[in-house]
Amino acid sequence: MTEPRPGDRPTSAGRHVVLVGMMGVGKSTVGRRVADALGRPFSDSDAVIEARTGQTVAEIFAREGEPAFRTLETQVLAEVLDDPTPTVVAAAGGVVLDPANRTALRRAGTVVWLQAPLELLVERVAGSAHRPALADDPAGTLARLAEGREGLYAEVSDLLVDAARPLDEVVARIVETVREREASAPTGRSPS
Ligand code: S3P
């Protein structure tokens, strides 16, 4: 597989809308709303993994370990991006860690980085059962993860959106950008 050159536009390969960003930033909530607005199916990476394995994310981490979870995450991402149906995807927070996933994301369509201040993330993840990676110190862990990942989210994304803004505004900004990009860029796919 050849690496895309800087300046290659991912819209030449796909028409998916993929939301990336830290745990708790609202990828699933925003993704569902964007999918409704665009009239497209919605896919949530963690939910697909849980449905497929019959285990929660926490159970997979505990029984099989994080590397096994990351393998599943990569498989699920590749499958959804290979699907010719344009889909809105909430990608799990750690998906950008794998270079192969980042290559796939750069060709996916429109990748949106949802970003919010750490305090808001901490507030939103409180009590969440599907985030074993946060362990006993959510604030410290989120800060450390964010530091390691921000450059990776930036690398794969076409649009940065402030997820602390009101939900309607966040959704409208994404929908508007997707429509503009798709109207102005070749898709590489035959119109259906
Ligand atoms: C993770 C994010 C979680 C889930 C798992 C690991 C991460 O998904 O996949 O707990 O490493 O950022 P969300 O981003 O949907 O919370």
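Residues numbered from 1 in each chain as written. Predicted model: local features only at pLDDT ≥ 70, side-chain atom pairs only at ≥ 80, totals over all residues. Heavy atoms only, no water.

### Some points on the environment of Ser45
Part 1 of the reasoning: Mapped onto the secondary structure, Ser45 falls in helix 2 (residues 45–53).
Part 2 of the reasoning: Sequence separation of Ser45 and Ser28 is 17 residues, and the distance between their C-alpha atoms is 9.3 Å.
Part 3 of the reasoning: Not counting residues up to four positions away in its chain, the partners in contact with Ser45 are Glu73, Val76, Ala90, Ala91 and Ala92. (Helix = DSSP H or I, 4+ residues; strand = E, 2+ residues; numbered from the N terminus. Contact = heavy atoms within 4.5 Å.)

### Focus on the sheet that holds strand 2 (residues 42–44)
Part 1 of the reasoning: With parallel pairing, the five strands of this open sheet are ordered in space as 2-3-1-4-5. The outermost strands of the open sheet, each flanked by one partner alone, are strand 2 and strand 5 (159–162). Strand-to-strand twist in this sheet, taken as the mean axis angle between neighbours without regard to direction, amounts to 20 degrees.
Part 2 of the reasoning: Here strand 1 (residues 16–20) pairs with strand 3 (residues 88–90) via three bridges, running parallel. From the neighbouring strand, Leu19 faces strand 3, where its bridge partner is Ala90. (Pairing = 2+ DSSP bridges. Axes fitted to C-alpha atoms, helices over the stretch in contact; angles between N-to-C directions.)

### Some remarks on the site of the ligand
Part 1 of the reasoning: Neighbouring the ligand are 13 residues, the closest being Lys27, Asp46, Arg70, Arg131 and Arg149.
Part 2 of the reasoning: Lys27 places a side-chain nitrogen or oxygen 2.8 Å from an oxygen atom of the ligand.
Part 3 of the reasoning: At 2.8 Å from an oxygen atom of the ligand is found a main-chain nitrogen or oxygen belonging to Gly93.
Part 4 of the reasoning: Burial of the ligand by the surrounding chains reaches 98%, relative to a free accessible area of 390 Å². (Near = heavy atom within 4 Å. Polar contact = N/O pair within 3.5 Å; in protein donor to acceptor, adjacent residues only side chain to side chain. Areas by Shrake-Rupley, 256 points an atom, 1.4 Å probe, with all protein chains shown as cover.)

### A closer look at the packing of helix 2 against helix 4 (residues 66–82)
Part 1 of the reasoning: Put simply, helix 2 and helix 4 touch, their axes get as near as 10 Å, and they point 110 degrees apart. Between helix 2 and helix 4, the angle is such that the two are roughly perpendicular. Touching Ser45, Asp46, Val48, Ile49, Arg52 and Thr53 of helix 2 are Phe69, Leu72, Glu73, Val76 and Glu79, all from helix 4.
Part 2 of the reasoning: For the contact of helix 2 with helix 4, the class distribution of residues is five nonpolar, two polar and four charged. (Parallel < 35°, antiparallel > 145°, perpendicular 65-115°, else oblique. Nonpolar A, V, L, I, M, F, W, Y, C, P; charged D, E, K, R; others polar.)

### Quick notes on the packing of aromatic side chains
Part 1 of the reasoning: Applying the stated rule across the entire model yields two aromatic pairs.
Part 2 of the reasoning: Their ring planes at 45 degrees and their centres at 5.1 Å tell us that Phe61 and Phe69 sit as a pair that is tilted. Both residues of the pair, Phe61 and Phe69, count as buried.
Part 3 of the reasoning: Ring centres 5.9 Å apart and planes at 40 degrees place the aromatic pair Trp113 and Tyr153 in the tilted group. Note that Trp113 is positioned in strand 4 (residues 109–115) and Tyr153 in helix 7 (residues 138–156), a separation of 40 residues in sequence. Across the pair, exposure class does not vary: Trp113 and Tyr153 are buried alike. (Phe/Tyr/Trp six-rings, centres within 6.5 Å; stacked < 30°, edge-to-face > 60°. Buried < 20%, exposed > 50% of the residue type's maximum accessible area, 1.4 Å probe, protein only.)

### Some words on the pattern of salt bridges
Part 1 of the reasoning: In this structure the tally under the stated criterion is eleven salt bridges.
Part 2 of the reasoning: The salt bridge partner of Asp168 is Arg33, with a shortest N-O separation of 2.8 Å. Highlighted residues: Asp168 in helix 8 (residues 167–184) and Arg33 in helix 1 (residues 27–38), separated in sequence by 135 residues.
Part 3 of the reasoning: Between Glu155 and Arg106 there is a salt bridge whose closest N-O contact spans 2.7 Å. Of this pair, Glu155 sits in helix 7 while Arg106 sits in helix 5 (residues 99–106); the two residues are 49 residues apart in sequence, bridging distant segments of the chain. (Salt bridge = Lys/Arg side-chain N within 4 Å of Asp/Glu carboxyl O.)

### Quick word on the nonpolar core
Part 1 of the reasoning: Of all hydrophobic cores here, the largest spans 44 residues; its most connected members are Val18, Val20, Leu105, Leu114 and Ile174.
Part 2 of the reasoning: The element best represented in this core is helix 7, accounting for six residues.
Part 3 of the reasoning: One finds Phe61, Phe69, Leu72 and Val76 within the second-largest nonpolar core, a separate group that totals seven residues. (Core = buried A, V, L, I, M, F, W, Y, C linked by side-chain atoms within 4.5 Å.)

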